[in-house]
Amino acid sequence: MQEHLYQCKYRIQALNNREIEVNKHMEDSGYSDLLGQLQQHYTQNKTSVYVPTFGASVNVTPISVKQHKDILTVEDNLLLTSFQFGININNIILENVTDASKLSVLDRASILLSLKADADDGLTTVDIDNVKHKTDLSEHVKSFSEIKVPKKLLGCTASHKELKIVCKTPTIAYDNDVNKQIMKTMSDKNKDSVLSTMGEVFVYEIAKYIQEFSTPSVDISFESLTFDQKVEVVERIPLQLSNKIISYINDIKAFENKFTECKNTKGENISVPLSVALFAGD
């Protein structure tokens, strides 16, 4: 993973240098006209992407160089890098998909891999455990329309004695909001203390999936609580109840594997990483 971080920083610097050269060259040319033509290009050349929760394909704006640069933006700490990557790809999906407010995290793998396949326009190189694999993502994403979302993944109810929690798969927009709160919470921590906050991350992840919490005398929507209040409530949940929520979350993660598992050009089974490595492996 450290190697990917160095690759990302090198490629970002190269992209920045190239951007400076292009801007200097266009100072006395039709800069505004060119930007308008580029915007028109994206409007007229969208790519079709399958959205599992819709059960249909939608037209999506392709990834731009700036967005690719954003994806490669990483933190020195591996834990924060993971959250930053999640924020970056969520931002791209929210920007590039019309009416993205309805998109679920169940849709993320399909959309991201489809956009990557479109950007590569051919074979994709991915680095898995320091071994480079070539795979035809364009062919792989054609099978996505056959993958149906089980109804049980859209939501569930977890109960323990008099306590009841209604869980729901978070939208990409909500997932992004929580990830940003996590980054903000950890921003003042040094490297060692961040690595010691895995327990906090565990709590944050559970909070993402809770929609309602009820007891015999209280029925409250989690949306009405602040981030800190959500964390405090989750920390007080009995372990027996939280285990049921974790089981639901694990089922959602397993569903994601249906999109990431494919074959390389040698016919070997691989799992495409949904991380910076997917975009830094070329």
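Residues numbered from 1 in each chain as written. Predicted model: local features only at pLDDT ≥ 70, side-chain atom pairs only at ≥ 80, totals over all residues. Heavy atoms only, no water.

## Section: the side chain of His140
At step 1: In this structure, His140 sits in helix α6 (residues 137-140).
At step 2: By relative accessible area, which is 12% here, His140 ends up buried.
At step 3: Setting aside its immediate chain neighbours within four residues, His140 contacts Phe259, Glu261 and Cys262. (Helix = DSSP H or I, 4+ residues; strand = E, 2+ residues; numbered from the N terminus. Buried < 20%, exposed > 50% of the residue type's maximum accessible area, 1.4 Å probe, protein only. Contact = heavy atoms within 4.5 Å.)

## Section: the nonpolar core
At step 1: Counting residues in hydrophobic clusters, the biggest one holds 72 residues, and the most contacted among them are Leu103, Ile165, Ile210, Val234, Ile245 and Phe279.
At step 2: Broken down by element, the residue count for this core peaks at eight residues, all from helix α11 (residues 239-260). (Core = buried A, V, L, I, M, F, W, Y, C linked by side-chain atoms within 4.5 Å.)

## Observations concerning the confidence of the model for the protein chain
At step 1: In this model, the protein chain carries a mean pLDDT of 85, and residues with pLDDT of at least 70 account for 83%.
At step 2: For the protein chain, the element scoring lowest by mean pLDDT is helix α8 (residues 191-195), at 55; strand β6 (residues 163-168) scores highest, at 96. (pLDDT = per-residue confidence, 0-100.)

## Describing the side chain of Asn90
At step 1: Within the fold, Asn90 resides in helix α4 (residues 78-96).
At step 2: A distance of 3.0 Å separates the side chain of Asn90 from the side chain of Arg108, its partner in a polar contact.
At step 3: Residues in contact with Asn90, not counting those within four places in the same chain, are Arg108, Ile172, Asp175, Asn176 and Asn179. (Polar contact = N/O pair within 3.5 Å; in protein donor to acceptor, adjacent residues only side chain to side chain.)

## Section: the sheet that holds strand β7 (residues 210-214)
At step 1: Spatial ordering of the open sheet is given by β5-β6-β7-β8, a layout of four strands whose pairing is antiparallel. Edge positions in the open sheet fall to β5 (155-160) and β8 (219-221), since each of these has one partner strand only. Taken over all neighbouring pairs, the strand axes of this sheet differ in orientation by 15° on average, direction set aside.
At step 2: Relative to β8, β7 runs antiparallel, the two being bridged by three bridges. Along β8, the bridge assignment pairs Ser214 with Asp219.
At step 3: Strands in contact with helix α9 (residues 198-209) are β6 and β7; relative to β7, the strand with the most contacts, it is inclined by about 85°. (Pairing = 2+ DSSP bridges. Axes fitted to C-alpha atoms, helices over the stretch in contact; angles between N-to-C directions.)

## Things to note about a nonpolar patch on the surface
At step 1: Taken together, the side chains of Tyr31, Leu34, Leu35 and Leu38 define a hydrophobic patch exposed on the protein surface, amounting to about 340 Å² of accessible area.
At step 2: As for its position among the elements, Leu34 is in helix α2 (residues 31-44).
At step 3: Look at Leu34 and you get partly exposed, because its relative accessible area is 37%. (Patch = residues over 30% accessible without salt bridge, like charges linked within 9 Å, V, L, I, M, F, W, Y side chains within 5 Å. Areas by Shrake-Rupley, 256 points an atom, 1.4 Å probe, with all protein chains shown as cover. Salt bridge = Lys/Arg side-chain N within 4 Å of Asp/Glu carboxyl O.)

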